[in-house]
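Observations on chain architecture
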Amino acid sequence: MSPGTVSPLAEVKGLTFDVFGTVVDWRGSITEELALRAHRKLASPDALLDDATRERARALSADGDGWGRFAHEWHESYGAFTRSFEPGRDAWKTIDEHTRESLATLLESWGLRGLYSDAELDSLSLVWHRLRPWPDSAEGLTQLNTGGRVVTATLSNGNVSLLRDLDDFGGLGFQRLFSGETFRAYKPNPATYLGAARELGLEPRQVAMVAAHLEDLQSARACGLRTVYVERPREEAWARGDERYGRAREWVDLWIAEDEGGFVTLAEQLRELAS
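Just so you know, these numbers come straight off a predicted model, no measurement behind them. (Residues numbered from 1 in each chain as written. Predicted model: local features only at pLDDT ≥ 70, side-chain atom pairs only at ≥ 80, totals over all residues. Heavy atoms only, no water.)

Topic: the packing of aromatic side chains
- Enumeration according to the criterion identifies 16 aromatic pairs in this entry.
- Ring centres of Phe17 and Phe174 lie 5.4 Å apart, and the angle between their planes is 65°; on these two criteria the pair is classed as edge-to-face. Taken together, the residues span a long stretch of sequence, with Phe17 in strand 1 (residues 14–17) and Phe174 in the loop between helix 7 (160–170) and strand 3 (176–179) at a distance of 157 residues. The residues Phe17 and Phe174 share a single accessibility class, namely buried.
- Summarising the aromatic geometry, the rings of Phe20 and Tyr78 are spaced 5.4 Å apart at their centres and angled 85° between planes, so their arrangement reads as edge-to-face. With a gap of 58 residues between them, Phe20 in the loop between strand 1 and helix 1 (26–43) and Tyr78 in helix 3 (residues 66–84) connect regions that are remote in the sequence. Side by side, Phe20 and Tyr78 carry an identical accessibility label, which is buried.
- An aromatic cluster is defined as three or more aromatic residues linked by ring pairs; in this entry it consists of Phe20, Trp26, Trp74, Tyr78 and Trp128.
- Taking the ring centre of Phe263 as reference, the NZ or CZ of Arg232 above it sits at 4.9 Å.
- When the ring centre of Trp255 is taken as origin, the NZ or CZ atom of Arg249, which lies over that ring, is 3.9 Å away. (Phe/Tyr/Trp six-rings, centres within 6.5 Å; stacked < 30°, edge-to-face > 60°. Helix = DSSP H or I, 4+ residues; strand = E, 2+ residues; numbered from the N terminus. Buried < 20%, exposed > 50% of the residue type's maximum accessible area, 1.4 Å probe, protein only. Lys NZ or Arg CZ within 6 Å of the ring centre and 35° of its normal.)

Points about the side chain of Ser77
- Within the fold, Ser77 resides in helix 3.
- Discounting chain neighbours no more than four positions away, the residues touching Ser77 are His98 and Ser102. (Contact = heavy atoms within 4.5 Å.)

Some remarks on the packing of helix 1 against helix 3
- It is the contact of helix 1 with helix 3, at a shortest axis distance of 9 Å, that shows an interaxial angle of 125°. Here helix 1 lies oblique to helix 3, going by the angle between them. Of the two possible hands of crossing, helix 1 and helix 3 adopt the one that is right-handed. Packed against helix 1, whose contacting residues are Trp26, Arg27, Ile30, Thr31, Leu34, Ala35 and Ala38, the element helix 3 presents Trp67, Gly68, Phe70, Ala71, His72, Trp74 and His75 at the interface.
- Each residue belonging to the contact of helix 1 with helix 3 can be placed in one class, and the counts come to nine nonpolar, four polar and one charged. (Axes fitted to C-alpha atoms, helices over the stretch in contact; angles between N-to-C directions. Parallel < 35°, antiparallel > 145°, perpendicular 65-115°, else oblique. Left-handed = near helix turned anticlockwise from the far one by under 90°. Nonpolar A, V, L, I, M, F, W, Y, C, P; charged D, E, K, R; others polar.)

Here's the deal with the pattern of salt bridges
- Evaluated as defined, the whole model comprises 20 salt bridges.
- The closest approach of N and O atoms between Arg132 and Asp25, which form a salt bridge, is 3.9 Å. One end of the pair, Arg132, is in the loop between helix 5 (118–125) and helix 6 (137–145); the other, Asp25, is in the loop between strand 1 and helix 1, and 107 residues separate them in sequence.
- Asp25 gets classed as buried once you look at its relative accessible area, which sits at 16%.
- Among the salt bridges present, the one from Glu101 reaches Lys93, with a minimum N-O distance of 2.8 Å.
- Take Glu101: its relative accessible area is 41%, and that puts it in the partly exposed class. (Salt bridge = Lys/Arg side-chain N within 4 Å of Asp/Glu carboxyl O.)

Honestly, that's just the spatial picture; any functional story needs more than this.
Put into structure tokens, the structure is as follows:
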């Protein structure tokens, strides 16, 4: 930015955060839980498993990235569900409901239908309520919340109770919790981005979407929001050689690389604008 140029973030008073992948490390948390549950089940002398299920579970656990691939497919099903949902056409379904249903479907397709009881599936599906934050998330949010210059809010497709649990589990301290459930629509539906700005009592240009996914930011920008890109490991769907990725450098208002401090750096940048 040249001297004298006003930052596009100068008038921002609200920050809305994508959560899965941006604030919390879903991949590591989910993979570890899946591997731990399978280990406990296979080690239990009371587990009533048929030989085929037991062998498939053992093979997956022995594969270094077996449960990681399962976690990835589980997450992909979440994305496919939210993108396909159309308000007014589809009956409302929360992310909790989807993750429980998709877990059962995936286990069956992977030949693991008998690995868990219904009660165990209920419990395992709630792992999405206990995802570890990235190392800078809680500290950065604390700094952003200090001074009252901006309001911090989630803007996630996760349901409100899920977001409340993640906020509590990670000690995140979000000031507002906005969810697809709040607006009965899922990102990238404009009703989510514009609804969050409305609920904050701000114009879209006064709100910045913070995400580790350029597609999310592109949709927010189309609604008039400012954009902050925070790189996270293995989160970006657009390849670095993709033309869309290259062009994004031209329209993202603040780009924080993976090794540049995440939310702490965001807080520092906003403090500089205020000084």
